[in-house]
Amino acid sequence: RLAPLWVALCLWSALVILFTFTAAVVNSEPWLVSLGHTCLFWFLWVFFFPVIIWLSLRFPLEQSKLLPQIGIHLAACIAIVIIIQAAYRTFLPFPPLPPPPDAQPASRPVDSPGMRVEPDVLIYLMAMSVCVAFAHFRKAQERERRAIGF
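Residues numbered from 1 in each chain as written. Predicted model: local features only at pLDDT ≥ 70, side-chain atom pairs only at ≥ 80, totals over all residues. Heavy atoms only, no water.

1. Some words on the overall build of the chain
Summing up its helical and strand segments, the chain has 4 helices and 0 strands in all. Order of helices (α) and strands (β) in the chain, N terminus to C terminus: α-α-α-α. Looking at the chain as a whole, 27% of its 150 residues are labelled buried. Long-range contacts, defined here as pairs at least 24 residues apart, represent 70% of the contacts in the chain between residues at least 6 apart. Summing over all exposed atoms, the chain offers an accessible surface of approximately 10,600 Å²; the carbon and sulfur share of this is 73%. (Helix = DSSP H or I, 4+ residues; strand = E, 2+ residues; numbered from the N terminus. Buried < 20%, exposed > 50% of the residue type's maximum accessible area, 1.4 Å probe, protein only. Contact = heavy atoms within 4.5 Å. Areas by Shrake-Rupley, 256 points an atom, 1.4 Å probe, with all protein chains shown as cover.)

Quick look at the structure:
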């Protein structure tokens with residue numbers, strides 16, 4: 001009975017470790033700072049995954065109602081990204097490290113990993129895509145069962 005919970009926990013842990021490693025290597029941050037940023041980033045998403053799953057199963061992208069459903073998902077994505085960005089900046093566990101004196105200035109501010117919204121939008125789109133694919137798979141199975149006569 002707890003197998004799905006353990007699978008989800010293992011996947012979450014793998015994502016945290018992967019993003020921690022990436023942040024530590026790319027940003028030259030200490031491991032604990034990267035771990036704090038990454039844990040907060042994914043912890044915030046845990047609260048929004050049920051909303052994304054519900055919306056994606058309730059409003060799967062179907063050709064007959066594509067524009068209203070895209071509008072719903074676009075509005076939800078924007079709202080979730082704004083909330084996550086605000087929460088991330090508010091509850092940031094560690095202050096960002098100052099750049100080394102010999103470093104060249106970045107083209108955009110790199111205060112923290114939360115300054116960029118692209119990962120948040122991609123995570124929303126990936127979660128939505130998986131749920132929409134599941135909804136279409138379920139409908140296809142039901143059509144096949146009806147066609148067979150079960």
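2. Notes on helix α1 (residues 3-26)
With 24 residues, α1 should reach 34 Å at 1.5 Å per residue; the first-to-last C-alpha distance of 34 Å fits that figure. Those residues of α1 not exposed but buried are Val16, Thr20, Ala23 and Ala24. Those residues of α1 that are buried are in contact with α2 (31-58). Directly beyond the C-terminal end of α1, a positive phi value near 50° is found at Ser28. (Expected span 1.5 Å × (residues − 1).)

3. Description of the nonpolar core
Core analysis: the largest hydrophobic core is formed by 21 residues, its most contacted members being Trp45, Ile52, Ile80 and Tyr124. Sorting the residues of this core by element identifies α2, α3 (66-90) and α4 (118-148) as the ones contributing at least two each. For this core, the element with the most residues is α2, which contributes 8 residues. Here Ile52 is in contact with Trp45, Ile80, Tyr124, Ala127 and Met128, once residues within four sequence places are set aside. (Core = buried A, V, L, I, M, F, W, Y, C linked by side-chain atoms within 4.5 Å.)

4. Considering the packing of α2 against α4
Between α2 and α4, whose axes approach to 9 Å, the crossing angle comes to 35°. Here α2 runs over α4; the crossing is right-handed. Every residue of α4 that contacts α2 at Phe41, Trp42, Trp45, Phe49, Ile52, Ile53, Leu55, Ser56 and Leu57 is listed here: Pro119, Asp120, Ile123, Tyr124, Ala127, Met128, Cys131, Val132, Phe134 and Ala135. The residue inventory of the contact of α2 with α4, partitioned by class, reads 17 nonpolar, 1 polar and 1 charged. (Axes fitted to C-alpha atoms, helices over the stretch in contact; angles between N-to-C directions. Left-handed = near helix turned anticlockwise from the far one by under 90°. Nonpolar A, V, L, I, M, F, W, Y, C, P; charged D, E, K, R; others polar.)

5. Description of the side chain of Gln69
As for its placement among the helices and strands, Gln69 is situated in helix α3. Take Gln69: its relative accessible area is 5%, and that puts it in the buried class. Looking at Gln69, its side chain comes within polar contact range of the main-chain nitrogen of Glu62, at 2.9 Å. Look past the residues within four positions of Gln69 in its chain and what remains in contact with it is Phe59, Pro60, Leu61 and Glu62. (Polar contact = N/O pair within 3.5 Å; in protein donor to acceptor, adjacent residues only side chain to side chain.)

6. Describing the confidence of the model for the chain
Taken as a whole, the chain shows an average pLDDT of 80; of its residues, 82% reach a score of 70 or greater. The least confident element of the chain, judged by mean pLDDT, is α1 at 80; the most confident is α3 at 90. Every residue in residues 107-114 is under pLDDT 50, and counting partners more than four places away or in other chains gives 13 contacts. (pLDDT = per-residue confidence, 0-100.)

7. Some thoughts on the packing of α1 against α2
Interhelical geometry of α1 versus α2 gives an angle of 135° and a closest axis separation of 8 Å. Overall, the two elements α1 and α2 adopt an arrangement that is oblique. Between α1 and α2 the crossing geometry is right-handed. Counted together, Trp12, Leu15, Val16, Phe19, Thr20, Phe21, Ala23 and Ala24 of α1 and Trp31, Ser34, Leu35, Thr38, Cys39, Phe41, Trp42, Phe43 and Val46 of α2 form the full contact between these two elements. Here the contact of α1 with α2 is composed, by residue class, of 14 nonpolar, 3 polar and no charged. (Parallel < 35°, antiparallel > 145°, perpendicular 65-115°, else oblique.)

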